[in-house]
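In case you want the letters, here they are:
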Amino acid sequence: MAKLLIFALLALSTLSRDLALFISIDCGSSTTYSAEGWIGDGAYIQNGESKRVPSRNSLSSVMDTLRVFYTGNKNCYSLIAEKGERVLVRASFYYGNYDQKSSPPTFALQFDGNPWAIVVTSNDQVIYYEAIYTVKGGTSTSVCVAQTQPNQFPFISALEMSSLGPNMYSALDPNFALFLTRRVAFGANETVSDAYDRIWVPGVAVNGLTAVTSDAPVIDGATVDDDPPEAVLQNAIKTSSTSESIKLATNLPAVEVAIYVNAYFSEITTLDSTQKRLLQIYLEDKPVSDLIVPPYQEVVEVTIFNLTASSSNNLSLVAASGSTLPPLINAMEVFSISDQLTDGTDRNDEEQLASLQVLYPVLGQWSGDPCLPFPFTWDWLNCSTDAKPRVTALYLSSFELYGSFPDLSSMDALEIIDLHNNSLEGDIPDYLGAMPNLKQLNLADNDFSGTLPKSISNNKNLKLTVSGNKNLCVSGNSCEASGTNTQTGTSFDGPEVTRSSGINRKKKSKKLPAILGSIIPTFFLFWAGVGVYVIVRQRRIAAAVTALSAGKNGGANKPNGNGGNGNGNSVNVQVVGKIRQAVMHEFINNNSDTGEQARMEIPDQITDQQTYEEEHTSTRNV
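Each value, and the rule that gives it
Residues numbered from 1 in each chain as written. Predicted model: local features only at pLDDT ≥ 70, side-chain atom pairs only at ≥ 80, totals over all residues. Heavy atoms only, no water. Helix = DSSP H or I, 4+ residues; strand = E, 2+ residues; numbered from the N terminus. Buried < 20%, exposed > 50% of the residue type's maximum accessible area, 1.4 Å probe, protein only. Polar contact = N/O pair within 3.5 Å; in protein donor to acceptor, adjacent residues only side chain to side chain. Contact = heavy atoms within 4.5 Å. Salt bridge = Lys/Arg side-chain N within 4 Å of Asp/Glu carboxyl O. Disulfide = S-S within 2.5 Å. Expected span 1.5 Å × (residues − 1). Arc of directions from axis to C-beta. Pairing = 2+ DSSP bridges. Axes fitted to C-alpha atoms, helices over the stretch in contact; angles between N-to-C directions. Phe/Tyr/Trp six-rings, centres within 6.5 Å; stacked < 30°, edge-to-face > 60°.

Undergrad: Requested: an account of the side chain of N459, with residues and values cited.
TA: The residue N459 is located in the loop between α4 (454-457) and β33 (463-465) in this model. Given the relative accessible area of 18%, N459 is considered buried. One polar contact links the side chain of N459 to the main-chain carbonyl oxygen of G433, over a distance of 3.2 Å. The residues touching N459, leaving out its near neighbours within four places in the chain, are G433 and K454.

As C-alpha cells, this is what we get:
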C-alpha cells in the first residue's frame, strides 16, 4: 500500500507539472471551469474557510468566492514550479462585504519567504498584485497571506501563475523580483491579455495627445525578448508637434525605489525620405535611453533599469534633435524592483521538516518557507533571525503524533523539543543527549519504553521532562524493580498553537484507524484528481496551442491577432476570460510599502481615461 501511495503522488505531481504553463485557481471554490481554465483550490491548500460574497455584490463566478484564514501566522498556496523557472504570479482580492461587516481588511502578501505587498482591500473593487521572479526552490513556489492587524483576517479570491519564456525580462538579476506598477497599451480601446497572461490596460489619449492606428498588415512582436502581443502594437499615442513631450505615468510609490521599465515602439506608417522620427526617454532632465527609431512592421523594445525613482519624478518621451515627427509610443510596462530575495530557511532543516510532514500528515497543512519572512514562522516553530534561518524550537505537543521518535539529528540548532502529550513509543534515541544546542526536552505523556540513554540523563545542561511514560526507566538501577517512571521532571510551556483543522488535542490511542483513514481516502482522491487533471490539461493544451498560433491565424485577442471574432479556445476565452469575464473591468494601479497594487473598477466600459487624464498630460518645450 505504501508503494501504491508513493506511485500515486508521483503520478499526480507529473500531471501537475504538465499544467504549469497556466495555473488559474478560483480560491474558495470547489468548481472547475475547464473551458475558461479555472480550477478550485482544494488541491493547493488545506487551511481556511470558503466564503461567498452576497448576491447583490456579485461580480462573477470567480470573484464571488474567496478563502479566508482565521488562524495561523501565515497561510500559503504551493504551486508546482521548477527551480530556475521564471514565472508571473498574480494574486487577486475582492472583499465584496462577504462577512456583512463593511470592513475590508489589510494584511500582508508574501512569496517564497519574501515580503511582497501590504494588501489594502476595498468594499467594491477587485485589487490585484503581480510579481515576476525566478523560482529559487526545488519543485514549487509559494504564495502566502498573513494577518498583520487584530481582527483583520486575510483572504484571497484568485491566484494565477504562468511560465515566461527563458529570455523574458532578462535584464533582471534572478536574485530580485519585479513588482508591477503599470502595464499599458496606449491608444487601445479595450484591455488586452496575451499568451503569457499579462494584462495590458488601455491608455486613452487626452489633453492634446492623439491616438493613432498602424496601417501595417502585420507587426511581429516576437523579434524582441519580451514578446509584446500584436494587439498592443497596432495602436499608439503621439503629440501634435516635435516641441511637445509625452509624460509617462509610472504609478511608482512615494518613496524612491529601484525601477525597471520596458517601452515598446513601432512606426505606424511608411515614412518618406524627408520624414524622421527620433525619440529619447528622459527621467527629469536627463536622457536615460539611447536614440530610438521606431521601425515599421516591427518593434523596438527599450529597457531602463539601474535607476531609482518615485512618484514625484517625471518620466517623459521627447523628440530628439533632427526629428521631423513628434514622439510616439505604443506600450509600456513599469515595475519596482524588490530587495534581494532570500535563499530561504536552512536546507537541512527544511528537508527534515518535510520528512516530518510526510511522517505526520497533520503537519501537512503548513507550507511555504518555515521561517521567513520574519516573524511569520510556522505556528509550531521558533527560528533564528539569521539571513539563512535555523529552526531553534519544535512545539509539537498534543498533535496526536504516533510511532517511534522522529529523526531530528540533522536539526542541530534546536534548543527546545516539546513532544509531550502524544502517542510516541519505543526507545528514546541516544543522539538527543549530544545535540549541541538542546536545552529543553519535553517528552512527557507518551508511550516511550526502555531505558533513558545516559547521554540524556547525564546531560547537566538539559532540562528534561519525561513523566507519564509508564514503561520508561530513567534511573538505571531500578529498571527491573519498577515498571514506573522514577523521574518526573518539570513541565515547560511553548507557544499556543491553533490549527484550523479542528484537531482534538486528546491523546491518540488507536493507530490503525488513523492510518487507514489516511490511506483509503488518499487512494480514491488520487484517481479522482487524475481524472480532473487530465481533462483540464487537454483543454489547456488546446487553448495554449490556439493562442500561440494566433499570429498566423489572426484571431481576436490572440498574441498576434488583429481583432475580430476569434474561434475555438482562443486567448479571449482562456486568458481574457479569466479577468475580463471575472468583471475585472478597469485596472488602476496603486502602491504600498513593499509592493504595488492594481485596482479594477466595477463600471462596465473598460477605460483608463481617468488615470490617463490625470497622468498622461502633454508637456511643451521639454
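Undergrad: Please provide a residue-by-residue account of the environment of E36, values included.
TA: Within the fold, E36 resides in the loop between β1 (22-26) and β2 (38-40). Accessibility expressed as a relative area gives 27% for E36, which makes it partly exposed.

Undergrad: Summarise unusual backbone geometry; cite the residues concerned and give the values.
TA: With an omega of -5°, the peptide bond between L372 and P373 qualifies as cis. Here the amide bond leading from F374 into P375 is cis, since omega sits at 5°, within 30 degrees of zero. Mapped onto the elements, P375 comes out in the loop between α3 (347-359) and β26 (381-383). Although it is not a glycine, Y169 adopts a positive phi angle of roughly 50°.

Undergrad: So what's going on with the pattern of salt bridges? Which residues, and what values?
TA: Summed over all chains, the structure comprises 13 salt bridges. Note that E333 and R183 form a salt bridge whose closest N and O atoms lie 2.8 Å from each other. Of this pair, E333 sits in strand β25 (residues 331-337) while R183 sits in strand β13 (residues 178-186), and the two are 150 residues apart along the sequence. In this structure, E333 and R183 share a single accessibility class: buried. Where D349 meets R390, a salt bridge forms, and the shortest distance between an N and an O atom there is 2.9 Å. Taken as a pair, D349 in helix α3 and R390 in the loop between β26 and β27 (391-395) lie far apart in primary sequence, 41 residues in all. The pair D349 / R390 is uniform in exposure class, with both members buried.

Undergrad: Please give an account of the state of the cysteines that cites residues and values.
TA: The tally for this structure, following the rule as stated, stands at 2 disulfides. What pairs with C371 in a disulfide is C383, and their sulfur atoms sit 2.0 Å apart. The chirality of the disulfide connecting C371 with C383 is left-handed, given an S-S dihedral of about -70°. In this pair, C371 sits in the loop between α3 and β26 while C383 sits in strand β26, placing the two residues 12 residues apart along the sequence. Neither C371 nor C383 differs from the other in exposure class; each is buried.

Undergrad: How would you explain α3 if you had to name every residue and give the values?
TA: Between the first and last C-alpha of α3 there are 18 Å, a value that for 13 residues agrees with the 18 Å anticipated at 1.5 Å per step. Taken as a whole, α3 has its buried residues at D349, Q352, L353, L356 and Q357. Down the axis, α3 shows its buried residues gathered within 145° of arc, on one side only. Elements that come into contact with the buried residues of α3 comprise β26 and β27.

Undergrad: Summarise the sheet that holds strand β29 (residues 416-418); cite the residues concerned and give the values.
TA: In space, the 5 strands of this open sheet follow the order β26-β27-β29-β31-β33, with mixed pairing throughout. Each having just a single partner strand, β26 and β33 make up the two edges of the open sheet. Each strand axis lies, on average, 10° off the axis of its neighbour in the sheet, ignoring direction. By the bridge criterion, 3 bridges tie β27 to β29 in an arrangement that is parallel. For A393, the partnering residue across the bridge sits in β29 and is I416.

Undergrad: Explain the packing of aromatic side chains residue by residue, including any values.
TA: We describe a pair of aromatic rings using the distance from one ring centre to the other and the angle between the two ring planes. The full count for this structure, using the stated rule, is 21 aromatic pairs. With 6.3 Å between their ring centres and 85° between their planes, F111 and F179 make a pair best called edge-to-face. Placement of the pair is F111 in strand β7 (residues 106-111) and F179 in strand β13, with a sequence separation of 68 residues. Residue F111 is classed as buried on the basis of its relative accessible area, which comes to 1%. Given a relative accessible area of 3%, F179 falls into the buried group. On the basis of an interplanar angle of 15° and a centroid distance of 6.4 Å, the ring pair of W116 and F179 is categorised as stacked. Of this pair, W116 sits in strand β8 (residues 114-120) while F179 is found in strand β13, placing the two residues 63 residues apart along the sequence.

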